[in-house]
Every structure is written in structure tokens, then in C-alpha cells.
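# Descriptive structure summary
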Amino acid sequence: FLCSRSRLCSARDLFATPTPQSFQVGINIIEAQKLVGVNINPFVVVKVGEEKRHTATQKSTNCPFYNEYFLFEFHEPRDILFHRLIEISVFHSKKIPFLGTCIGTFKMDVVTVYSQPDHRFFQKWAVISDPMDTRAGVKGFVKCNISVTARGEVVGSLPTSSSSQDEDIERNLLLPKRVPAERPWARVCIKLYRAEGLPSMSAGIMGGFSKIIGEKKVFIDPYVQVSFCGQQGETSVETNTTDPEWNEQISFIEMFPPLARKIKVQVLDDANVGDVAIATHYIDLQQISDSGRNGFNPTFGPAWVNLYGSPQNSALRDIHKDLNEGMGEGIFYRGRILMAITVEIFSSPSQPGEVTVEVEELHPLPENALGRKEEFLLFAAFFEATMMDSSLSSKPVSFEVSIGNYGKAEEVVTKVWRKMEKGEVKEEKQPLLDPGSDGELDVEVLAPASAALNKSVTNSQRPEPMEYDRSYSCLPMMHEKPCVYVWSYWEDHTWRLCISNWIVKLAERLEQGLDDVEKLMRRPKAKAEERLREVLEEFVAGCRQYLLSTERKTMAHPNNLDRCRMKYLMRNIILYAKQGLRMRRRLTRANVKEKVKETRRVLTKLRFMAKEPQCTLPDVLIWMLSNNRRVAYARVPAQNILYSVVEEEKGKDCAKIQTVFMKVPRLHTGEIFAKLEVYMWLGVTKYAKNCLAELPEEFKYLSESGQEIAQLSAYSPPSRLSRDDFSYFQLRAHLYQARGILPADDNGLSDPFARVVFSTHCQTTRMLEETLSPMWNELLLFDQLIVDGKKEELKTETPIIIINLFSHNKFGSPEFLGHAFAVPQVKLVDEPYTKPALQFFDFYKGTKAVGELIATFELMELDYSGYLEDVEPKEPDYLGDPHAGRFIIPEGIRPVLKEFRIEILFWGLRDLKRVNLFEVDQPQVIIECAGKKVESEVIVAYKENPNFTELVKYMDVDLPEQVYLHPPLSIFVVEKRAFGRTVLVGTHVVSDVMKFSPRELEEDPEDVPK
């Protein structure tokens, strides 16, 4: 069984735009050998992306020695850098400098280097060959080191170089593993048939005029540009159309296997002012080929490829323009293109003499080559929209759901042009959504003519502040849930997604199981090994089931890639099932940890296999419109909500209430902008009567006019769901402690408090001053909650709790330190009560883990009198002053504390680095654990005597009995400066205090500690 509602959102999914990072590509050219030519003066040119550097020229030699080092610095998102090529070319220098003749080149993309162990090639020989003369063979070898490092990565130590003269070049070639030394030449053909549904652009200055004259549409002149391995080819231009037909093929000649992974396909608009990218798509060669022994060469299609990009149609003032260039995930559907890829490998005599890019005519594909179009229904019901940024509170909010161009609201642009000065926007002061931020289009929604049946936009509602703590707002959807529905037409290749869904579910189950095992491994005496055995058994059984079902599966209109992928999946699933059996057999209590690691590796491969390269259905886009302006979006892959009659082939979120996080375009803080609970269903119309089957029974279906629908037909889905009887719940959030959180202030500490968000309610813990491991020990009570969904499914499909951690600021708004997701333990009315145990949850900020939370959450159904019968304690105790109205975690959940004494011997300090350019002169050490502090004396003159005179100090602390709940011990070194200022020099956190306890204490924690 798989969760949709309580699936924890991975940190990566919250990023709309990939964050730029700092990378360094270091290339050390050591020497060259066996260069072809008589009396040559060679120099080497190194090119990474657009940047070029070159070595000095060595006079008349065929084996020059250079040992020159080049460093290329990049600050850009990871994906963009990884597509860049590294080229190493050798030139023969003539009389005039820099007009050398090329002897040969070597090409490789950055990602190939990055995926090596330690992200580098060390002292390897690059094979130089001449692209103008492919039959000549190898033109020489260049020995080099190449490394790619991201900022903040630890670089491993270099192996000692063996510089013996007679070293074996053939054994040390600059190639990834499993790539043969002799690579044949091959022709890669990209066939481009046609495109449809491209956006109509209004480009350049003429676009402005045509608006004034009042033309509705400005058509575009599209052509396709394909780049691969440093070569580029373009199709011809089709004029004045949004559904162009090219029927051309572009062929590249490159060594096979190529050392570049991606083929870039870009649709451009041929304009007078300068060509504008309409959309960009990357095809990953690893997904459309298999390099194993029984593998297959890259092959693709003919199949439709969906294009995504920015929501705006004019090239001027488009702030999301990068999305059309392929940077970051697209936030709007921009048409689709029909294409195919084939590869033929030459045997040596028949190969072409030089590398060229050729463009040739093709026969068009027959009408129904990909099958007829079928009608699909997309249905969505919104159950909850909460945690919305408070900047939305004054304007009405509605949601738009679209798939492809179906369901998009037509837009009329009424926009005053405004220039934004670069220096104006200050990062800190700007709210998440600046009310007049540029490029947010004011959209007047006009229904297109075809949309008589569709209802793709919900009625707008005004947000209200959330209960208790009013820092977020939510939409009032208690009694009526708005629904939307969209009909669309696509070729029915859903069987591809069904197979993919089957493998996704195998992977999801495996991952949930492994997460359980890892939770159990953190505790002594837990049964991690038995759980891992169950997980592996379940996985092997799942593989068997998959193999049995796919033997009977029929494919409609399969192409070459489909047939090859079918065999490839069968082969690999058998392989992983065998690996699973082997791991289960060899599992013992001692090696649980490494077996989990091995299983994780299988999981990564499964995840990669499950990606379907020819996904014909476009993703579903949910847009939040505030005052008819697009403010935030979420992109849901169609296969996740796809309906199939076979349970295993259904999308993992089909007909379930799932949690969806909305994100703001172009924002990379990773903060959540809004949280939705949505029920979604997508399927062929003949199954449309199933689209409401899984909704909870207590709902009545209302039509647009508000009448109840008695007889549901496939063509009139409800517009609203309404309900009258509610069951009420109480949520108890026991927040014990957080540790290892980010420091927010200059002194290396924070003033943390947490906001707990559940459904439409939000409550806050108290703020604790100056600590990195706040011990709140607080119970937050949420009363009279209404939870949607079927009661019997609440156990498995539990709504999610979000814990946001902030640091209090005396001036200004609190600083965000990260968020954690948690799932409560559910107790229904008729079940006995058991006390929950404290659990660990990780805080994330962006993609980084920033500390952990120890807490537990219970969701309990109240009976009709609104009273809890058998729950202990019925009335929680107050924490401190009863007037403050805060509760303490009840006994039995709260850990039992014992008194320990921590003794510290202070010896001295060494190697202190400068702080803010000043040397450290009067340092002091502060040690903190469980809220108690010990300070050493201040060393008066660190330069002359860096040792302490007072050696022994101690503190008495109360620690929990369970060792795994122990708070960490923090060590701070500060410096006392003039006028009583203290400056933080550095910190260190000891996570396991019990390492330092005497042996007999560890054995038997029952004894009274000394």
C-alpha cells in the first residue's frame, strides 16, 4: 500500500528554479605523446563551454611536455554546467601565432567527469582524433587530469603519480568504465516530423503594433535546432503557423558510444529582431539505450515529445524567458513535437571521410501511425488550501487545472510596461510576492469556444486567516469542495505509463520499507533486521508479480524503443529479484547497515528504470490565480493520477486525496507557498464513471447551479461536493526537543520557536533564547478538527503535519530555519488508546538537512459529546505558569530524566584562525548541554600562553534514560573584544555524550549514576 496524502515531499521538489552553484573545472595538461606529423610545434587548446585557454608552444617535437594547469569557474545551476562540453585539441603552430592547423580533438561532457569516483580523471591519456579525417585513426595522446568540484565539497587526496617513462598508454585512456578503447564512428539521425499546439508569439516591436491594430493572433515561423556533442543542425523554417510540418532529418557523425549524454532539441521562432526560443527539450541517451551486454543502441520514437516553458507569449519583458531555454522546470505547456532518433554504426571501410551535419527530406508518417486519438477526462476536487502566504489575504483566489492546451484560460494581456531597475530589488525586504512584481500578467479570463463542456477554473474565494496563529491564511472549504473537470484528446499510449507505474510502485514500497528499517536502526534493541527481511521478501514477490503480468501485456502501436525496453525491463527485474534473494540469504544482525546500503543501490536503479522516456500525456498543471494573476503553480505528472483497471498499473495518486505543495516561479528559497489537498483522476472517457468511486460517501454531488445531481453520467461531473455531518478530531502535538539547528544570530546561536500547521490550524511553541538544541517539552492541543476522507483509510492515508522552525528577531520578521514533515498516529473512537513513542524528524531548508526534531503526534477521533473517553490524561498539565495557557508533554510520553554530572578538563587552545581579519587574542570556551552552561576562564594573552590555568570544571544536567534521546553537547569558542563585545570563533557539536561515560554506566543504565 502506498501513501499519497502523507507522502513526505522530497526537498528537491520544492524548488521551482534550480539554485546556481559555484563550480570549478580544473584541467591539468601534462604532456602529449605520439602526435602525428613531421617537425611540428604543438600547443594544446582547452575549451570548456564557451571559454578557451591554451598552453605554450613547444618547438619541433612529437612528444611535448607542458604541465600547465587551467581553472575554469562557473556559477550556474548544476544541470546547465553538466551539459557543457570539455574539448581538448592539439594544434600545430605556424609562423603567425594562433593560426595553427588542428591535429585533432577530444570531446567529453562535464557530467561524465563528475560521475567518476572523486569527480575526476587522474593522469589519463585522451585519444586525439581528427574530425575532418575520420579514416586516419588516432592522431596522438594527451595526458591530463580533469576534475570538477562544487563549492564546499571535500576533495579526496591525490594518488601518488607513477611517472615511469614506459607507462602503458592503452591501459590508462581517458574514458569512463566499460567504454571500449577503440570506438567506431556512428551516424546519429534525429528525425523531425511535425509539431502542434505551439504558442502564438508576438515578437519584437511589430507585436506591439499588431495589438494596437487589433489582430487576435500573431503566428510564428518555427524551426528546430538540434545540438549534440558540440555540433548543431537546423531544419528549414515553416512560415506563419503553430502546427508546422518539417519532415526532415538531421544526422550527426560522432564516435560511439559518445562521451556526451544529452541531445538538445530546441524549437525557435525565426524573427527579424533575433531568433527566440519557444521551448527546449533534452533527450538523455542513457534513458533510450542500454550499454549492457544484451543491450541496445539509442533509439526513440516516432513519438510525441511534450514541451514546457514560460506562461508568457511575448519575447520582450518575459521574466521567465530562461524556462524556454531549458533552464529549470517549465511551468506552462508549449505544444508538442513528433520526432524519432536512430543510430547506425559504421564498419570501417564504409565510414564517411569527414564529420559533417546533414539535413535531408523525409517521407511524412502515415496518418494513424501512432493510433487514433482517444478522449480523456481529468477530474479534480479541492479539499483544502492552507498555509497560503499571508500576502494573498486581501484578493480573491481561484485555481486553474489544465492538461496540455486543454483547460487553459485564454489570456488577454492588459499590461502597463514597466522597467525594473536591477538594483531595486533587495533580497531580504521583499515579500514572497510583491504585489506589483513585474511580468506577472494581469489576465482577464475569457472562456475559449471549445470549453463549453470544460470547467477548468474554480470559483474565486477570499482567503481567511488560519485558526490560533494568524501568520498564514487558508480558503474556507469546510462545507463545499470545488471541483474542476477537463476533457482532452490524446493518442492512447497509456500502456507505457501503466508499466512504468508498476515499477514506480515497486520502488516506492521498497523505499518506504527502507525508511522504516533506518528508523529502527537508530534505536537499540529494535528489530531492524527482521523488518529488512520482510521488506526484501515483499520486493521479490513484487518482482515476480510484475514478470507474470507483463508476459500477457499487449502493446498498441509499439515502436523499436518499446520492444527493446520491454526486454530490458524483464531482464533487469529478474536480476534485481535475484539480488534481493541473495541479500536476504546473507542478512545477519551485524551487516544490516551495509545490506540497507546495497538495497538503496538497487532502489536508485529501479527509480531510473521506471522513468518512461516516451511519455505521451503531458503533465497536469495546477495554477493558483490571485485576482486573476498567476502566482503559484504545481506540476503533477499525468502518470501519477492515471486510471487503470489493474490496481498495480494505476497511478500512485489516482483517486486519492494527495498533498500538493504550490511553488512560486523563479524563487529558490524552497519555502512552501501553499499546501493543497486535492483528489485527482485522469483516464479514458469509457472509464469516466469510476472517477468518483473513491470519494468518501458522505458527500452530495452538486451541479454548477447548486442542485444535487441524482444520476451521474460521464458527461456531467459535479461542480461542487457538499457535506453536512462531520466527525471531529483532536490533534496532540508533543514537541520535545530540536537539535543541531542553524544558527541565526552573530553569536552562533538562535532564538528558536516552531509553528505547527495541520489542516486549517496553526499553533506556535514558546520561543527559547540563545540555543541550538531547544528543549520545548510542550504539548500543543488542536481541538475540534475536521478531517476529510474515508475513516477506514485514515490509518494509511493520514493528512500531513508541517513543522516550520523560525528564529525570533527583535527587529523585523522571524528568520526561517527549515521545515519538517510528520505523520500522526491515528486513533478512532472504537480503538483502545496506546501511548505513542517519541520519533525523529529531519528539518530541511532547501535540499540540505538542517537539524532534527524529537516529537510525536496523535490524531484522535472525538465521540459525539466531543469528549475523549479512555485517553490518559484527559486534562493535560500546565507548563509553568497556568495563565500562559501552555501544556507540558504528559508523563509516559515525556522521557524520564536522571541527573548526570559532566566533568570537563580544560587544557588549552591551538591553531585559532583569524576572525574578521583580526587575530584572536583573548579566547574563552563555553560548553552547553541540555540548557546548562559552563564557561572556562578567559585566556589573557593567547599569543604568549595558549593554556588554561584553571583546569577542572563540572556541571550537573538532567538527561533522559534512553540514550538515543540524549541532547548533543555544544562547544563554542568566543573571543572577548573591547567594549564587552564577544565574537564567535568557532563551534563543534558532540552528538553522543555517552561516549565519555565510564564503562559500567553504559552496561547498566538502571543503576543510580554517580
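A quick note: this is a predicted structure, and the numbers were derived from the prediction, not measured.

### Some remarks on the sheet that holds strand β13 (residues 262-269)
Strand order in the open sheet formed by 4 strands is β11-β10-β13-β14, and the pairing between neighbours is antiparallel. Because the sheet does not close on itself, it has two edges, and the strands there are β11 (231-234) and β14 (276-284). Each strand axis lies, on average, 20° off the axis of its neighbour in the sheet, ignoring direction.

### Quick look at the packing of aromatic side chains
Applying the stated criterion across every chain, the model contains 24 aromatic pairs. Consider the rings of Phe332 and Trp623, whose centres lie 6.2 Å apart with planes at 65°: the pair is edge-to-face. Within this pair, whereas Phe332 is found in strand β16 (residues 332-345), its partner Trp623 is found in strand β26 (residues 620-626), the two being separated by 291 residues in sequence. Each member of the pair, Phe332 as well as Trp623, is classed as buried. Measuring from centroid to centroid gives 5.5 Å for Trp623 and Tyr633, while their planes differ by 35°, and the two rings are tilted. Here the residue Trp623 occupies a position in strand β26, and Tyr633 occupies one in strand β27 (residues 629-636), the gap between them amounting to 10 residues. By relative accessible area, Trp623 is classed as buried at 1%. On the basis of relative accessibility, which here comes to 0%, the residue Tyr633 falls in the buried class. Lying over the aromatic face of Trp304, Arg336 brings its terminal NZ or CZ to 4.0 Å of the ring centre.

### What to know about the environment of Glu354
Within the secondary structure layout, Glu354 lies in the loop between β16 and β17 (358-361). Between the C-alpha atoms of Glu354 and Asp133, which are 221 residues apart in sequence, the distance is 5.0 Å.

### So, the side chain of Thr149
For Thr149, the position within the fold is in strand β8 (residues 138-150). Given the relative accessible area of 19%, Thr149 is considered buried.

### Points about the sheet that holds β27
The strand order across the open sheet formed by 3 strands is β19-β26-β27, and the pairing between neighbours is antiparallel. Looking at which strands have only one partner, the edges of the open sheet turn out to be β19 (397-403) and β27. Direction aside, neighbouring strands of the sheet carry axes that sit 20° apart on average. Pairing of β19 with β26 involves 7 bridges; the strand directions are antiparallel.

### Things to note about a negative patch on the surface
On the surface, Glu694, Glu697, Glu792 and Glu793 cluster together into a negatively charged patch. As for its position among the elements, Glu697 is in the loop between β29 (674-684) and β30 (700-702). Accessibility expressed as a relative area gives 61% for Glu697, which makes it exposed.

### Digging into the pattern of salt bridges
A pair can form between side chains of opposite charge whenever their charged atoms are brought close. Here the structure, examined in full by the defined rule, presents 46 salt bridges. Between Asp619 and Arg635 there is a salt bridge; the shortest N-O distance is 2.8 Å. On the criterion of sequence distance, the pair formed by Asp619 in the loop between α8 (592-610) and β26 and Arg635 in strand β27 is long-range, its members being 16 residues apart. Relative accessible area serves as the criterion here: at 23%, Arg635 is assigned to the partly exposed category.

### Some thoughts on unusual backbone geometry
With omega at -5°, the peptide bond leading from Phe256 into Pro257 counts as cis. Mapping Pro257 onto the fold places it in the loop between β12 (245-255) and β13. Here the residue pair Gly301 and Pro302 is connected by a cis peptide bond, since its omega of 5° sits within 30 degrees of zero. Here Asn67, not a glycine, exhibits a phi torsion of approximately 50°, which is positive. Structurally, Asn67 is set in strand β4 (residues 65-77).

### Description of a nonpolar patch on the surface
A contiguous nonpolar surface patch, about 360 Å² in accessible area, is contributed by Leu905, Trp907 and Val952. A relative accessible area of 59% means that Trp907 is categorised as exposed.

### Considering the packing of helix α5 (residues 494-521) against helix α7 (residues 560-585)
Between α5 and α7, the shortest axis-to-axis distance is 12 Å and the interhelical angle comes to 20°. One way to sum up the angle between α5 and α7 is to call them roughly parallel. Where α5 crosses over α7, the two elements pack in a sense that is left-handed. Taken together, the residues of α7 that come into contact with α5 (itself represented by Trp495, Arg496, Ile499, Ile503 and Leu506) are Asp562, Met566, Leu569 and Ile573. Looking at the contact of α5 with α7, its residues break down into 7 nonpolar, no polar and 2 charged.

### Thoughts on the nonpolar core
Grouped together as the largest cluster of nonpolar side chains are 69 residues, with contacts concentrated most on Ile190, Ile263, Ile337, Met339, Ile341 and Leu606. The biggest single contributor to this core is α5, with 10 residues. Apart from the residues lying within four places of it in its own chain, the contact partners of Ile190 are Val226, Glu248, Gln249, Ile250, Phe252, Ile263, Met339, Ala340 and Ile341. With 43 residues, the next largest nonpolar core counts Ile27, Ile29, Val48 and Val148 among its residues.

### Quick look at the packing of α5 against α8
Close contact between α5 and α8 brings their axes to 9 Å; oriented N to C, the two are set at 160°. Relative to α8, α5 is oriented roughly antiparallel. The element α5 and its partner α8 pack so that their crossing is left-handed. Residues Ser500, Ile503, Val504, Ala507, Glu508, Leu510, Glu511, Leu514, Asp515, Val517, Glu518 and Met521 of α5 form the contact with α8, whose participating residues are Val592, Lys593, Val596, Thr599, Arg600, Leu603, Leu606, Arg607, Met609 and Ala610.

### Examining α8
The end-to-end C-alpha separation of α8 is 26 Å, in line with the 27 Å expected for 19 residues at 1.5 Å each. Along α8, the positions that sit buried rather than exposed are Val592, Lys595, Val596, Thr599, Val602, Leu603, Leu606, Met609 and Ala610. Relative to the axis of α8, the buried residues are bounded by an arc of 125° and lie together on one face. Across α8 from its buried face, at more than 90 degrees, point the exposed residues Lys593, Lys597, Arg601 and Thr604. Each element contacted by the buried residues of α8 is listed here: α5, α6 (528-551) and α7.

### A word on the side chain of Ser773
Following the sequence through the fold, Ser773 ends up in the loop between β34 (761-764) and β35 (778-786). A relative accessible area of 9% places Ser773 in the buried class. Apart from residues lying up to four places away in sequence, Ser773 is in contact with Gln737, Ala738, Arg739, Glu928 and Pro968.

### Comments concerning the pairing of strand β9 (residues 185-196)
Of all 12 residues making up β9, 9 are buried, and the element is well covered by its neighbours. Relative to β12, β9 is paired through 9 bridges, and the arrangement is antiparallel. Bridging across to β12, Cys189 finds its partner in Ser251. Relative to β16, β9 runs antiparallel, the two being bridged by 10 bridges.

### Focus on the environment of Asp492
Tracing the backbone shows Asp492 in the loop between β25 (480-491) and α5. Linking Asp492 and Gly371, residues 121 residues apart in sequence, is a C-alpha distance of 7.2 Å. The contacts of Asp492, once residues within four sequence positions are left out, are Arg372, Glu374, Phe376 and Val684. Within polar-contact distance, the side chain of Asp492 engages the side chain of Thr494 at 2.7 Å.

Conventions adopted
- Residues numbered from 1 in each chain as written.
- Predicted model: local features only at pLDDT ≥ 70, side-chain atom pairs only at ≥ 80, totals over all residues.
- Heavy atoms only, no water.
- Pairing = 2+ DSSP bridges.
- Helix = DSSP H or I, 4+ residues; strand = E, 2+ residues; numbered from the N terminus.
- Axes fitted to C-alpha atoms, helices over the stretch in contact; angles between N-to-C directions.
- Phe/Tyr/Trp six-rings, centres within 6.5 Å; stacked < 30°, edge-to-face > 60°.
- Buried < 20%, exposed > 50% of the residue type's maximum accessible area, 1.4 Å probe, protein only.
- Lys NZ or Arg CZ within 6 Å of the ring centre and 35° of its normal.
- Patch = residues over 30% accessible without salt bridge, like charges linked within 9 Å, V, L, I, M, F, W, Y side chains within 5 Å.
- Areas by Shrake-Rupley, 256 points an atom, 1.4 Å probe, with all protein chains shown as cover.
- Salt bridge = Lys/Arg side-chain N within 4 Å of Asp/Glu carboxyl O.
- Lys, Arg positive; Asp, Glu negative; His and termini not counted.
- Charge placed at Lys NZ, Arg CZ, Asp CG, Glu CD.
- Parallel < 35°, antiparallel > 145°, perpendicular 65-115°, else oblique.
- Left-handed = near helix turned anticlockwise from the far one by under 90°.
- Contact = heavy atoms within 4.5 Å.
- Nonpolar A, V, L, I, M, F, W, Y, C, P; charged D, E, K, R; others polar.
- Core = buried A, V, L, I, M, F, W, Y, C linked by side-chain atoms within 4.5 Å.
- Expected span 1.5 Å × (residues − 1).
- Arc of directions from axis to C-beta.
- Polar contact = N/O pair within 3.5 Å; in protein donor to acceptor, adjacent residues only side chain to side chain.

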